[in-house]
Amino acid sequence: MKELKEGVYWVGANDWKVRYFHGYELSTHRGSTYNSYLIKDQKTVLIDTVWEPLTDQFLEHLNEVVDIKTIDYIVMNHLEPDHSGALPALMEYLPDTTIIVSKKGEESIHRHYHKDWKLKVVTNGEKLNIGENELTFVEASMLHWPDSMFTYLRGKNILFSNDAFGQHFASSELFNDEVDETEVWQEATKYYANILTPFSRLVAKKIEELQGLNLPIDIIAPSHGILWRKNPMDIVTAYYKWATETPNSNAVIIYNSMWGATHKMAEAIGAGIGDAGVSYKIYNIATADRNDVITEIFKSKGILLGSSTINNGLLTSLMPILEDLQGLKFSNRVAAAFGSFGWSGEGNTILEQYLGKAKIKIIQEGLKIKYMPNDKELEECRNYGKVFAEKMLSEL
Ligand code: FEO
């Protein structure tokens, strides 16, 4: 039995083995959790459920702390299947129990489950007295789905934030002060970069709204991963910084190469970036983890994309990351393209077209080298990297 505070329990599920979060095509190197919470007061309230395959683990945890049939309310902060999947099984025990949802959650629950469950639709700021404590519902639309909301437990000072402030991190422990926090922050950053970046404007607005409410917060309890108990507002501050897009003054080079020429270019360009005093990382996208690369893009001001030209196009291993750049809508970044070619040489132009679609500013004309670069051309690549870095610094 895991207790957050007296009368408030974690009843979720640990997913130790997940390494690929299917819905988001997201790598999860450290597994994940689906956090569900039970509040015992004059009313008994469950906050969220778990992904359907882990229903048994969830019901077992729930049974340890409560007679399931005595639950008065189920709050569904968000209806995505990783949090609502166990709901049909749970409702077999509780067919008449009221499910609390946001306005958008009402549509979401109908469209996902097509059941005639009893719903209570709550609006932003609405309160529900449950005995000694009180729930406040805070709409969090597009953080990260239209139906998303937070639930605040006044009296215990716990913010159940659902996906916001979460991380994919399986753990035997509950709190950030009980684990290696460096790992948790790595996962929190990756989570934001890969899931929340497109909604940054709304994240910033919601955080300003939350700060305006002046809610005393002792614990932030997200629906994935570790709960923030030590300095709980640090993750809120980090989200605000991330949402207002202030990337670090470093660069990332992402490429693939047929026979090593574009690889040599990448290394030489990197050396040039280093000459300008700028830190950089190089990833061959054919072997790197796509979501880890996205996280590096998230942290970087400059992006250099490289591909050999093949069949008048790009090496196909570049395509997922190019799609990600469009979908994630990174702002305040600068970029350039490079690559080797044999006869037609369209690679750079196509990469620049993708950068254009992603609305990323191109600050330097692309660099292409025929077949394998010689020493003079490698020097040209190095100088190209130095000039790129200088231009990048002037854009900060
Ligand atoms: Fe963790 Fe939006 O589901």
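Residues numbered from 1 in each chain as written. Predicted model: local features only at pLDDT ≥ 70, side-chain atom pairs only at ≥ 80, totals over all residues. Heavy atoms only, no water.

Let us now look at the pairing of strand β8 (residues 44-47). Within a regular strand, side chains alternate between the sheet's two faces. Residues Thr44 and Leu46 point to one face of β8 and Val45 and Ile47 to the other, with burial holding for every one of them. Two strands pair when backbone bridges link them, and strand β7 (residues 37-40) and β8 are joined in this way by four bridges, in the antiparallel orientation. Each bridged residue has a counterpart across the sheet, and for Ile39 the counterpart in β8 is Val45. Linkage of β7 to β8, two consecutive antiparallel strands, is achieved through a turn of three residues. Sheet analysis places β8 next to strand β9 (residues 73-75), joined by three bridges and oriented parallel. Counted as the bridge partner of Val45 is Tyr73 from β9. With respect to chirality, the unit in which β8 leads through helix α1 (residues 55-65) into the neighbouring parallel β9 is right-handed. (Buried < 20%, exposed > 50% of the residue type's maximum accessible area, 1.4 Å probe, protein only. Helix = DSSP H or I, 4+ residues; strand = E, 2+ residues; numbered from the N terminus. Pairing = 2+ DSSP bridges. Right-handed = clockwise from strand over helix to strand, strands pointing away.)

Below, the discussion takes up the packing of helix α5 (residues 181-196) against helix α9 (residues 290-299). The geometry of α5 relative to α9 is characterised by a closest axis approach of 9 Å and an angle of 90 degrees between their N-to-C directions. With respect to α9, the axis of α5 lies roughly perpendicular. Across from Thr189, Lys190, Tyr192, Ala193 and Asn194 in α5, the residues of α9 making contact are Asn291, Asp292, Ile294, Thr295, Phe298 and Lys299. (Axes fitted to C-alpha atoms, helices over the stretch in contact; angles between N-to-C directions. Parallel < 35°, antiparallel > 145°, perpendicular 65-115°, else oblique. Contact = heavy atoms within 4.5 Å.)

Let us now look at the layout of surface pockets. The computed volume of the largest pocket comes to approximately 400 Å³. Taken together, 19 residues line the largest pocket, and the ones lying closest to its centre are Gln186, Thr189, Lys190, Thr295 and Lys299. In terms of residue class, the lining of the largest pocket is made up of four nonpolar, six polar and nine charged. Taken domain by domain, the makeup of the lining of the largest pocket includes at least three residues from each of domain 1 (2-243) and domain 2 (252-394). The volume enclosed by the second largest pocket comes to roughly 300 Å³. If you go around the second largest pocket, you meet 18 residues; those closest to its centre are Met258, Thr309, Phe341, Gly342 and Trp343. Those elements that provide at least two residues to the lining of the second largest pocket are α8 (261-275), β20 (309-310) and β22 (334-341). Tallied by class, the residues present in the lining of the second largest pocket amount to eight nonpolar, 10 polar and no charged. (1 Å grid on protein atoms, 1.4 Å probe; cavity = no way out; pocket = protein on both sides within 12 Å on 5 of 7 lines; lining within 4 Å. Points joined across faces, edges and corners; volume = space filled by probe spheres on them. Nonpolar A, V, L, I, M, F, W, Y, C, P; charged D, E, K, R; others polar. Domains from an automatic or database assignment.)

What follows covers the packing of α9 against helix α10 (residues 319-328). Running from N to C, α9 and α10 point in directions that differ by 45 degrees, and their axes come no closer than 11 Å. With respect to each other, α9 and α10 are oriented oblique. Considering how the two elements wind past one another, α9 and α10 form a crossing that is right-handed. When α9 is examined against α10, the residues Arg290, Val293, Ile294 and Ile297 are found in contact with a partner set consisting of Pro320, Ile321, Asp324, Leu325 and Leu328. (Left-handed = near helix turned anticlockwise from the far one by under 90°.)

So, on to the environment of Phe165. Here Phe165 shows up in the loop between β15 (158-162) and α5. Taking the C-alpha atoms as reference points, Phe165 and Tyr239, 74 residues apart in sequence, are found 7.7 Å from one another.

Turning next to the pattern of salt bridges. Applying the stated rule across the entire model yields 17 salt bridges. The salt bridge involving Glu187 is made with Arg30; its shortest N-O contact spans 2.8 Å. Of this pair, Glu187 sits in helix α5 while Arg30 sits in the loop between β5 (26-27) and β6 (32-34), and the two are 157 residues apart along the sequence. Across the pair Lys299 and Glu296 runs a salt bridge whose closest N-O atoms are separated by 3.5 Å. In this pair, Lys299 and Glu296 both sit in helix α9, three residues apart, roughly one turn of the helix. The class of Lys299 is partly exposed, set by a relative accessible area of 31%. Judged by relative accessible area, which is 10%, Glu296 ranks as buried. Among the charged side chains, a network of salt bridges with common partners joins Arg30, Glu183 and Glu187. (Salt bridge = Lys/Arg side-chain N within 4 Å of Asp/Glu carboxyl O.)

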